[in-house]
Amino acid sequence: MPTFSNPVLPGSRPDPSICRVGADYYLVTSSFAYFPGLPVHHSRDLVDWTPLGHVVDRPTQVSLDGLDVSDGLWAATIRHHEGTFYVVVTLARGRRGSTTYLFTAADPAGPWSDPVDLEAEGIDPSLFLDDDGRCWFTACRDAAEPEVTGPGELWMRELDLRKQELTGPTYALWYGAMRGAWVEAPHLYKRDGVYHLIAAEGGTEHHHAVTAARAESVTGPYTTDPRSPLLTHRHRGAAEPVHNVGHADLVDTPAGETWAVVLGTRPTDGTHTLGREVFLVPVEWTDRGPVFAPETGRVGLSERLPAGVAAPPAQDGRPVRDEFAGPALGPEWTGLRGPADDLVSPRPGEGGLTIRLSSEPLTSTGTPAFVARPQQHLRMCAATCIRLTAPAPGQEAGLVVFQNDRRHATLALTVDSDGNRQVALTAVESGISTRLGAVPVTGTEVVLAVDSDEAAYTFLVEDGARSTVGSIERPFFSTEQAGGFVGVHLGLYGTSGTGEGEAHVRWFEYVPGRD
């Protein structure tokens, strides 16, 4: 039986939401404080995904300034109705929902509208289009009586799509299957006249789980599906390759099958660095409701292909070499909190990338001269060819292995007080920088590289010969040690104490290893 490899979208792409229009599938994931925000991907087979663009690509849409990397745009939902795409999302500040936005577009590749503030509390908003054309908004929030019901509450209100505002009464739907645990990520589906409310419980780590309730009316009352949790890996041992499974969204295929996208992680020795990734799971509908992964009851690294997909598609496992020949960066590149176009930009007609050195450090909550892409494989090599155009003390530019603004490592071409060029490795932990090694170089242009595997990230420089600058144990970059909700991003950056100077990047290369 032909199979595909999970995850279908590797690297830090959590909280997947999916919809289908004809033969086309569209997927959106959380982006937190990265900008552009809310990446949209497209597929024809549910397995091979191509980035289309972003919902939030203009700074006038949403301000992310000053936010922690793990705050920002959380858990969007994408839906389609009568020629219009809708995305609802929460803007989080201080790890709590701040504002709920609605975006619309005629084309999922954009442009997307300016947002409408729905004046809705909580997080994880979703939309459900019923058979009668009415649209229902659901989200999760703190329960009014947590000592009675549990800490979280799923709630509902009607959304007037023409006026783009919530209307009518508010309905409390459900408090989860695990009283005492927060319930979140609500999505509604209707099957044979029954409304199925799918949610996530147990937190986003090891106890994450998919739970469910059902009702005869869209507004309830909802009763807990006694089979809950319907999907989880919390009961499986440390040797299980996929952990933290949850946050499901379902989609029907033209062939009549149902599949779920869920998030999960791939830990090594108890820690993971790639973040929460998108996995694809078959779903079978029964009289009792949906059955996830009916043959195995678990999310596997290999799964049968969806019906109608004739051969295994090419998935992300191919080397990538970006020479920045186009007029703009590709959609896989993002910065922090705002557009970095005036700081990091391609050189039309010449090729390569110009980094205008900024006084904004990577440890700030502003917009530094920095662009990055998610690390997608545990074993990989990332490299870049870079030079400082007019080197001076206090200037540096190079590669960064970025977990968050308080925990990352830089491999930088820099100049000491005597004007001597060197490549230095610096680790940042709790915002404190520690130099771990330095190698003198003589060339004006050098190749900087980082290799990663199960044990460590090893940092290298090529300046006529290849030299190791130093290494950092892999768990240093893990979510378990760093906290937060994001995985490692591999980036390019440049800083200067005076905010003056430029660096030129000739190319960036990402070569997956064999995990």
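Below is a summary of the structure that appears in this document. (Residues numbered from 1 in each chain as written. Predicted model: local features only at pLDDT ≥ 70, side-chain atom pairs only at ≥ 80, totals over all residues. Heavy atoms only, no water.)

**Here's the deal with the nonpolar core**
Residues Val-423, Phe-459 and Leu-492 are the most contacted members of the largest nonpolar core, which totals 43 residues. Those residues in contact with Phe-459 that sit more than four places away from it in its chain are Val-401, Ala-409, Leu-411, Leu-425, Ala-449, Val-450, Ser-467, Thr-468, Val-469, Gly-470, Ser-471 and Ile-472. Core analysis: the next-biggest nonpolar cluster, separate from the first, contains 32 residues, Phe-32, Leu-336, Leu-362 and Val-486 among them. (Core = buried A, V, L, I, M, F, W, Y, C linked by side-chain atoms within 4.5 Å. Buried < 20%, exposed > 50% of the residue type's maximum accessible area, 1.4 Å probe, protein only. Contact = heavy atoms within 4.5 Å.)

**Topic: the sheet that holds strand β12 (residues 135–142)**
The four strands are arranged β11-β12-β13-β14 in an open sheet whose pairing can be described as antiparallel. With one partner strand each, in any of the chains shown, β11 (123–129) and β14 (165–174) form the two edges of the open sheet. Each neighbouring strand pair of the sheet contributes to a mean axis angle of 25 degrees, computed without reference to strand direction. Inspection of the sheet shows β11 paired to β12 by five bridges, in the antiparallel sense. Bridged to Ser-126 within β12 is Thr-138. (Pairing = 2+ DSSP bridges. Helix = DSSP H or I, 4+ residues; strand = E, 2+ residues; numbered from the N terminus. Axes fitted to C-alpha atoms, helices over the stretch in contact; angles between N-to-C directions.)

**As for the pairing of strand β5 (residues 37–43)**
Extensive coverage of β5 is indicated by the burial of seven of its seven residues. Pairing geometry for strand β3 (residues 24–28) and β5, over four bridges, is antiparallel. Its bridge partner lying in β5, Tyr-26 is registered against His-42. By the bridge criterion, five bridges tie β5 to strand β6 (residues 50–56) in an arrangement that is antiparallel. The partner of Pro-39 across the bridge, within β6, is His-54.

**Here's the deal with the state of the cysteines**
By definition, a disulfide is the covalent link that joins the sulfur atoms of two cysteine residues. If you walk through the whole model with that rule in mind, you get zero disulfides. Cys-19 forms no disulfide, and the closest cysteine sulfur to it belongs to Cys-135, at a distance of 13 Å. Looking at Cys-385, it has no disulfide partner, and the nearest cysteine sulfur is the one in Cys-381, 14 Å off. Residue classification places Cys-385 among the buried residues on the basis of a relative accessible area of 6%. (Disulfide = S-S within 2.5 Å.)

**Examining the side chain of Asp-45**
Topologically, Asp-45 is positioned in the loop between β5 and β6. A distance of 2.8 Å separates the side chain of Asp-45 from the backbone nitrogen of Asp-48, its partner in a polar contact. (Polar contact = N/O pair within 3.5 Å; in protein donor to acceptor, adjacent residues only side chain to side chain.)

**Here's the deal with the sheet that holds strand β22 (residues 277–286)**
Strands pair in a sheet through their backbones, by hydrogen bonds, and they do so in one of two ways: parallel or antiparallel. If you trace the four strands from one edge of the open sheet to the other, you get β20-β21-β22-β23, paired in antiparallel fashion. Each end of this open sheet is capped by a strand with a single partner; those strands are β20 (243–252) and β23 (289–292). The sheet shows a mean angle of 35 degrees between the axes of neighbouring strands, direction not considered.

**Quick notes on the packing of aromatic side chains**
The full count for this structure, using the stated rule, is 13 aromatic pairs. Ring geometry for Trp-333 against Phe-508: centres 5.1 Å apart, planes inclined by 80 degrees, an arrangement best described as edge-to-face. Of the two residues, Trp-333 sits in the loop between β25 (320–322) and β26 (335–336) while Phe-508 sits in strand β39 (residues 502–512), which places them 175 residues apart along the sequence. On the accessibility criterion, Phe-508 (0% relative accessible area) is buried. Ring plane angle 45 degrees and centroid distance 5.0 Å describe the contact between Phe-370 and Phe-402, whose orientation is recorded as tilted. With Phe-370 in strand β29 (residues 370–374) and Phe-402 in strand β31 (residues 395–404), the pair connects residues that are 32 residues apart, well separated along the chain. Overall, Phe-370 belongs to the buried group, its relative accessible area being 0%. (Phe/Tyr/Trp six-rings, centres within 6.5 Å; stacked < 30°, edge-to-face > 60°.)

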